[in-house]
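Here is what each chain is made of, one letter per residue.
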Amino acid sequence: MGKDVIIACDFSSASETFAFLDKFRDEERKPFVKIGMELYYAEGPSIVREIKARGHKIFLDLKLHDIPNTVKKSMAVLSSLDVDMTNLHAAGTIDMMKAALEGLTKADGTRPILIAVTQLTSTSEERMQNELLINASINETIVKYAENTKAAGLDGVVCSPLEAGMVKSACGSEFITVTPGVRFADGEVGDQVRVTTPAKAKEIGSDYIVVGRPITQAADPVAAYRRCVAEFVD
Ligand code: C5P
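Quick look at the structure, then. Everything numeric here is computed off the predicted structure, so don't read it as measured data. (Residues numbered from 1 in each chain as written. Predicted model: local features only at pLDDT ≥ 70, side-chain atom pairs only at ≥ 80, totals over all residues. Heavy atoms only, no water.)

**Focus on the overall build of the protein**
Then, in step 1: The helix and strand inventory of the protein stands at 11 helices and eight strands.
Then, in step 2: Whereas a compact globule of 234 residues would reach a radius of gyration of roughly 17 Å, the protein reaches 17 Å, a difference of no more than 12%.
Then, in step 3: Seen along its three principal axes, the alpha-carbon backbone of the protein occupies a region of about 45 × 40 × 30 Å.
Then, in step 4: Split by element, the accessible area of the protein, about 11000 Å² in all, is 50% carbon and sulfur.
Then, in step 5: For the protein, the centre of its 27 positive side-chain charges and the centre of its 33 negative side-chain charges are spaced 3 Å apart. (Helix = DSSP H or I, 4+ residues; strand = E, 2+ residues; numbered from the N terminus. Rg over C-alpha atoms; globule rule 2.2 N^0.38 Å. Areas by Shrake-Rupley, 256 points an atom, 1.4 Å probe, with all protein chains shown as cover. Lys, Arg positive; Asp, Glu negative; His and termini not counted. Charge placed at Lys NZ, Arg CZ, Asp CG, Glu CD.)

Here it is in structure tokens:
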């Protein structure tokens, strides 16, 4: 499977997003972009169509979590937008994930890559145990949710690069890991806690790295993107 760098386009308007993507107009390799809730809720489905029309692959990061029927129908809508990857919460259970897969699959049998969020990296083990009453360790929970994701027939999970090895050991090397929390060795860490470099993420076995501020806030975003590709893909 091809490794790729996904740029998190965490902007709140189409104009900011296009001003950023314009910098990549002459790039031979069109970046794979992640559209999250902020941009999607601000601009609606047209933002997906417009970015797609510029030749970018799209990871639509909306993290669905609802009853199986609602998720199935919503996934059918997202599939018709022709996104390349989308996601949901594994906490919705195997039934919900199976329904999502059905909704996402087009009449010709093709579908976008579907991955699951296990535990959000903002959830600490302490809060998971005390507030959610999940008594297992956070790592056991992540592995179990990844196994459920695989059992439902999905393609992989979003996880920290430092968890990718553990997920691959439990679910196999073909099971996709999409990993945010990536920083250059000489860069700012910001609010991310468990970070690793693109080169290290490659070594650990991530399939896709999601990189936001190290590219979007760089003085030269195209150079920063090329550096990620050189470390992670080439
Ligand atoms: O700017 P930065 O590189 O930290 O952006 C990382 C992106 O990945 C953001 O869009 C963030 O919401 C997302 N993400 C994350 N950690 C997760 C899941 C998603 O940082 N566990």
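Let's pick the thread back up.
**As for helix α8 (residues 161–171)**
Then, in step 1: Inspection of α8 places Pro161, Glu163, Ala164, Val167, Lys168 and Cys171 among the buried residues, and these make up the whole buried set. Buried residues of α8 fall within an arc of 145 degrees about the axis and therefore sit on the same side.
Then, in step 2: Among the residues of α8, the N-terminal cap falls to serine 160, whose side-chain oxygen and the backbone nitrogen of leucine 162 are separated by 3.0 Å.
Then, in step 3: At the exit of α8 stands glycine 172, carrying a positive phi of roughly 100 degrees. (Buried < 20%, exposed > 50% of the residue type's maximum accessible area, 1.4 Å probe, protein only. Arc of directions from axis to C-beta. Polar contact = N/O pair within 3.5 Å; in protein donor to acceptor, adjacent residues only side chain to side chain.)

**Digging into the site of the ligand**
Then, in step 1: If you check the shell around the ligand, you find Ala8, Asp10, Lys34, Thr121, Pro180, Arg183, Gln192, Val210, Val211, Gly212, Arg213 and Pro214 and nothing else.
Then, in step 2: Between the ligand and threonine 121 there is a distance of 2.8 Å, counted from a nitrogen atom to a side-chain nitrogen or oxygen.
Then, in step 3: If the ligand stood free it would expose 460 Å²; the protein chains cover 81% of that surface.
Then, in step 4: Only β8 (208–211) and α10 (213–216) provide two or more residues apiece to the shell around the ligand.
Then, in step 5: Looking at side-chain class alone, the shell around the ligand contains five nonpolar, three polar and four charged residues. (Near = heavy atom within 4 Å. Nonpolar A, V, L, I, M, F, W, Y, C, P; charged D, E, K, R; others polar.)

**Focus: the side chain of lysine 34**
Then, in step 1: Position of lysine 34 among the secondary structure elements: in strand β2 (residues 32–36).
Then, in step 2: According to the relative accessible area criterion, lysine 34 is buried, its value standing at 10%.
Then, in step 3: Side chain to side chain, lysine 34 and aspartate 61 meet in a polar contact 2.7 Å long.
Then, in step 4: In contact with lysine 34, other than residues within four places in its own chain, are Ile6, Ile7, Ala8, Cys9, Asp10, Phe59, Asp61 and Val210. (Contact = heavy atoms within 4.5 Å.)

**Section: the sheet that holds strand β3 (residues 58–64)**
The strands making up a sheet are joined through hydrogen bonds of the backbone, oriented either antiparallel or parallel.
Then, in step 1: With parallel pairing, eight strands are arranged side by side around a closed barrel as β1-β2-β3-β4-β5-β6-β7-β8. Shown here is a sheet whose adjacent strand axes are inclined to one another by a mean of 25 degrees, direction ignored.
Then, in step 2: As paired elements, strand β5 (residues 113–117) and strand β6 (residues 156–158) share three bridges and run parallel to each other. By the bridge assignment, alanine 116 is partnered in β6 with valine 157. (Pairing = 2+ DSSP bridges. Axes fitted to C-alpha atoms, helices over the stretch in contact; angles between N-to-C directions.)

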